[in-house]
Amino acid sequence: MAHDINPWSSNQTLDVGKLFSEFGIEPITPAISDLPEIPYFMRRGIVVGHRDYRQIASAIKNKTPFHILTGFMPSGHPHLGHLMVMKEVVWHVQQGGNGYVTIADREAYAVRGTSWEKCRDFGKEYLACLYALGFEGTTYFQSRNERLKDLAFEAATKVNFSELTAIYGFSPETDLAHAECVITQVADILYPQIDRVPAPTLVPVGIDQDPHIRLTRGVAHKMRMFTVEERNGYVSVRSKNAPDAALAAVHKAFAGSKKYEGHVDIRDAQCADVSVKVREIERAHGGYAFYMPSSTYHIFMPGLNGGKMSSSIPESIISFYEPEAMMRKKVMSGITGGRMTLEEQKRLGGEPDTCSLFLLNLFHMVTDDTDLAEIRRKCLSGEILCGQCKKDTAERVVAFLKDFKEKMDAAADNIVV
Ligand code: TRP
Ligand code: SF4
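Residues numbered from 1 in each chain as written. Chains lettered and ligands numbered in written order. Predicted model: local features only at pLDDT ≥ 70, side-chain atom pairs only at ≥ 80, totals over all residues. Heavy atoms only, no water.

1. Quick look at the nonpolar core
What counts, and what does not: Only buried residues count toward a nonpolar core, which is a set of Ala, Val, Leu, Ile, Met, Phe, Trp, Tyr and Cys residues joined through side-chain atoms within 4.5 Å. Only protein chains enter the area calculation, which uses a 1.4 Å probe; residues under 20% of their type maximum are buried, those over 50% are exposed, and those in between are partly exposed.
Tyr53 and Leu80 are the most contacted members of the largest nonpolar core, which totals 66 residues. Listed in part, the 34 residues of the second largest apolar core include Val186, Val203, Ile213 and Met223.

Next up, the structure:
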């Protein structure tokens, strides 16, 4: 069923293989061969899937414009579980992307009942994290972005309730604000293309956000004036709702093209070149010329108690505001991939791939690949035992948080909202 993935329910276990086969998310590895440098979150199997990432990889390679956008719902303090997406954004900004971050205060208010004041405070904390990681670009709060709201309204003309029911499982009892949140998020994802230029846009998200991506891709397509398609030996440009003058302009732009009722056929042309020109014409006639957004999906870092890292389960999260002693205690009592007895662990080794501590190191605490491989090897061979490994990890976490908190504090002074 399509609404197997529900962005508003927590604690779901997701089967990556099933996502690939049922939802059309593709494995990341074949799509990144063009990248000049493979970031650690792709090398280490944290980012596992994508939609249309190739257009982003080639924009990076060819140094053509692209946008990178994500969003956070300010319904609580940011924590370590939010860091992965932030790092993806920052890395893509460093690769030349135009950075955008939306604070989804409308969603927090409508879906979680967070007061506007709290939204503001939490929102600032998310922004401080981002700047601490080196983010550069545009940030905004949904509730205060008028152009975003106008775009959401226009996008709303392309979505009906049966679609929302199919995608999100909306029922007649679902309140209207939920639908508003959905369409606001669609507008978020398209926003960089109206704020700057139409260009490929990458949206790194957790897998739970995929319904929004699918919906937005559909809306982006519906908001176009034209479709451009490779046919047998020619390129066909079809008007969906283009003004006559725009179709005439397409005809005029390609010498030897043939104009029919509602479409223009162009021989001896590359589809990609025609697409670029048609976008220009669409823009010149008041259209949006949107690219369909791309996305990446990462696996979730497990909480220290094994389940999902979620603000609603305090033991599961590592907060940036945690006192040091508490932090150590959480790490020391984390669920490991260790064996029942010491003897067994020495003989069989531990199981790093299901160990919340190992994954914590893999996600954020050990930046050097060789060091990480060494921890894994020692674990597998039984050379290191969980007690020592936890202590080492706790030291890393404490050092990491101290440094990060300082950077956050420095950034916070400059955030005015
Ligand atoms: N719905 C997202 C969440 O629950 C927040 C969000 C709002 C978002 N707008 C976005 C995420 C745009 C990615 C892109 O966290
Ligand atoms: Fe996890 Fe370390 Fe124990 Fe291995 S030795 S299972 S990585 S805590």
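Following the structure, the description resumes.
2. Looking at the site of ligand 1
The line we're drawing: When we say a residue is near a molecule or strand, we mean one of its heavy atoms is within 4 Å of it. Each polar contact in these results corresponds to two N or O atoms within 3.5 Å; when the atoms are within protein, one needs to be able to donate a hydrogen and the other to accept it, and residues that are neighboring in sequence are counted only if both atoms are side-chain atoms. For accessible areas, the Shrake-Rupley method is used with a probe of radius 1.4 Å. Any residue's cover is judged against the shown protein chains and nothing else. Strands here mean DSSP runs of E at least two residues long; helices mean DSSP runs of H or I at least four residues long; both are numbered from the N terminus. Asp, Glu, Lys and Arg are counted as charged, while Ala, Val, Leu, Ile, Met, Phe, Trp, Tyr, Cys and Pro are counted as nonpolar; the rest, among them Gly, fall into the polar class.
Around ligand 1, the surrounding shell holds 14 residues, and the nearest of these are Gly71, Glu107, Gln185, Asp188 and Gln209. Contacts to ligand 1 include glutamine 209, whose side-chain N or O atom sits 2.9 Å from a nitrogen atom. In isolation ligand 1 has 370 Å² of accessible area, and contact with the protein removes 91% of it. Those elements giving two or more residues to the shell around ligand 1 turn out to be strand E3 (67-72), helix H9 (176-195) and strand E6 (201-206). When its residues are assigned to classes, the shell around ligand 1 shows six nonpolar, six polar and two charged.

3. Things to note about the site of ligand 2
The condition that has to hold: Every definition here rests on a 1 Å grid over the protein atoms only: cavities are sets of points where a 1.4 Å probe fits but cannot get out, pockets are open sets enclosed by protein on both sides within 12 Å along at least five of seven lines, and lining residues have some atom within 4 Å of a point. Throughout, a molecule is located in a cavity or pocket provided that more than half of its atoms lie within 2 Å of its grid points.
Near ligand 2 you find Thr336, Gly337, Gly338, Gln345, Cys355, Phe358, Cys379, Cys386 and Cys389, and these make up its full shell. Cavity membership is defined here by more than half of the atoms lying within 2 Å of grid points; on that basis ligand 2 lies in the largest cavity. Classifying every residue of the shell around ligand 2 by side-chain character gives five nonpolar, four polar and no charged.

4. As for empty space enclosed by the protein
Just so we agree on the cut-off: Grid points are joined across faces, edges and corners, and a volume is the space filled by probe spheres set on the points.
Taken as a whole and assessed by the stated rule, the structure comprises one cavity of 30 Å³ or more. Reported here for the largest cavity is a volume of approximately 120 Å³. Residue lining of the largest cavity: 17 residues in total, with Thr336, Cys355, Cys379, Cys386 and Cys389 positioned closest to the centre. Taken together, the elements giving at least two residues each to the lining of the largest cavity come down to helix H15 (356-365), helix H16 (369-381) and helix H17 (386-412). Here the lining of the largest cavity is built from residues that sort into 10 nonpolar, five polar and two charged.

5. As for the state of the cysteines
Two cysteines joined by a covalent bond between their sulfur atoms form a disulfide. The condition that has to hold: Any two cysteine sulfur atoms within 2.5 Å of one another count as a disulfide.
Applying the stated criterion to the full structure yields zero disulfides. Unpaired in terms of disulfides, cysteine 129 finds its nearest cysteine sulfur in cysteine 119, a separation of 16 Å.

6. Notes on the environment of phenylalanine 300
As for its placement among the helices and strands, phenylalanine 300 is situated in the loop between strand E11 (294-298) and helix H13 (324-332). In the structure, phenylalanine 300 is positioned 36 residues away from valine 264 in sequence and 47 Å away in space, judged by C-alpha atoms.

7. With respect to the packing of aromatic side chains
Short version of the rule: Centres within 6.5 Å make a pair out of two Phe, Tyr or Trp rings, where for Trp the six-membered ring is used; the pair is then stacked when the planes are under 30 degrees apart, edge-to-face when over 60, and tilted otherwise.
Counted by the stated rule, this structure contains 11 aromatic pairs. Here the aromatic rings of phenylalanine 72 and tyrosine 126 are separated by 5.3 Å at their centres, their planes lie at 25 degrees, and the arrangement is stacked. Of this pair, phenylalanine 72 sits in strand E3 while tyrosine 126 sits in helix H6 (residues 116-132); the two residues are 54 residues apart in sequence, bridging distant segments of the chain. Overall, the relative accessible area of 5% leaves phenylalanine 72 in the buried class. Judged by its relative accessible area of 3%, tyrosine 126 is buried. With a centroid separation of 6.2 Å and an interplanar angle of 80 degrees, the aromatic rings of tyrosine 100 and tyrosine 191 are classed as edge-to-face. Of this pair, tyrosine 100 sits in strand E4 (residues 98-103) while tyrosine 191 sits in helix H9, and the two are 91 residues apart along the sequence.

8. Section: the sheet that holds strand E7 (residues 226-230)
For clarity, the threshold we go by: Strand pairing is assigned whenever DSSP identifies at least 2 bridges connecting the two strands. Angles run from 0 to 180 degrees between N-to-C directions of axes, and those axes are lines fitted to C-alpha atoms, restricted for helices to the stretch in contact. Contacts are assigned to residue pairs that have any heavy atoms within 4.5 Å of one another.
Spatial strand order, E7-E8-E10-E9: four strands in an open sheet with antiparallel pairing. Every interior strand has two partners, whereas the edge strands, E7 and strand E9 (258-260), have only one. Averaged over all neighbouring strand pairs, the angle between strand axes comes to 20 degrees, with direction disregarded. Inspection of the sheet shows E9 paired to strand E10 (residues 263-267) by three bridges, in the antiparallel sense. Looking at E10, one finds that lysine 259 is bridged to valine 264. Across the face of the sheet, helix H12 (residues 271-284) comes into contact with E7, strand E8 (234-239) and E10 while running at roughly 170 degrees to E7.

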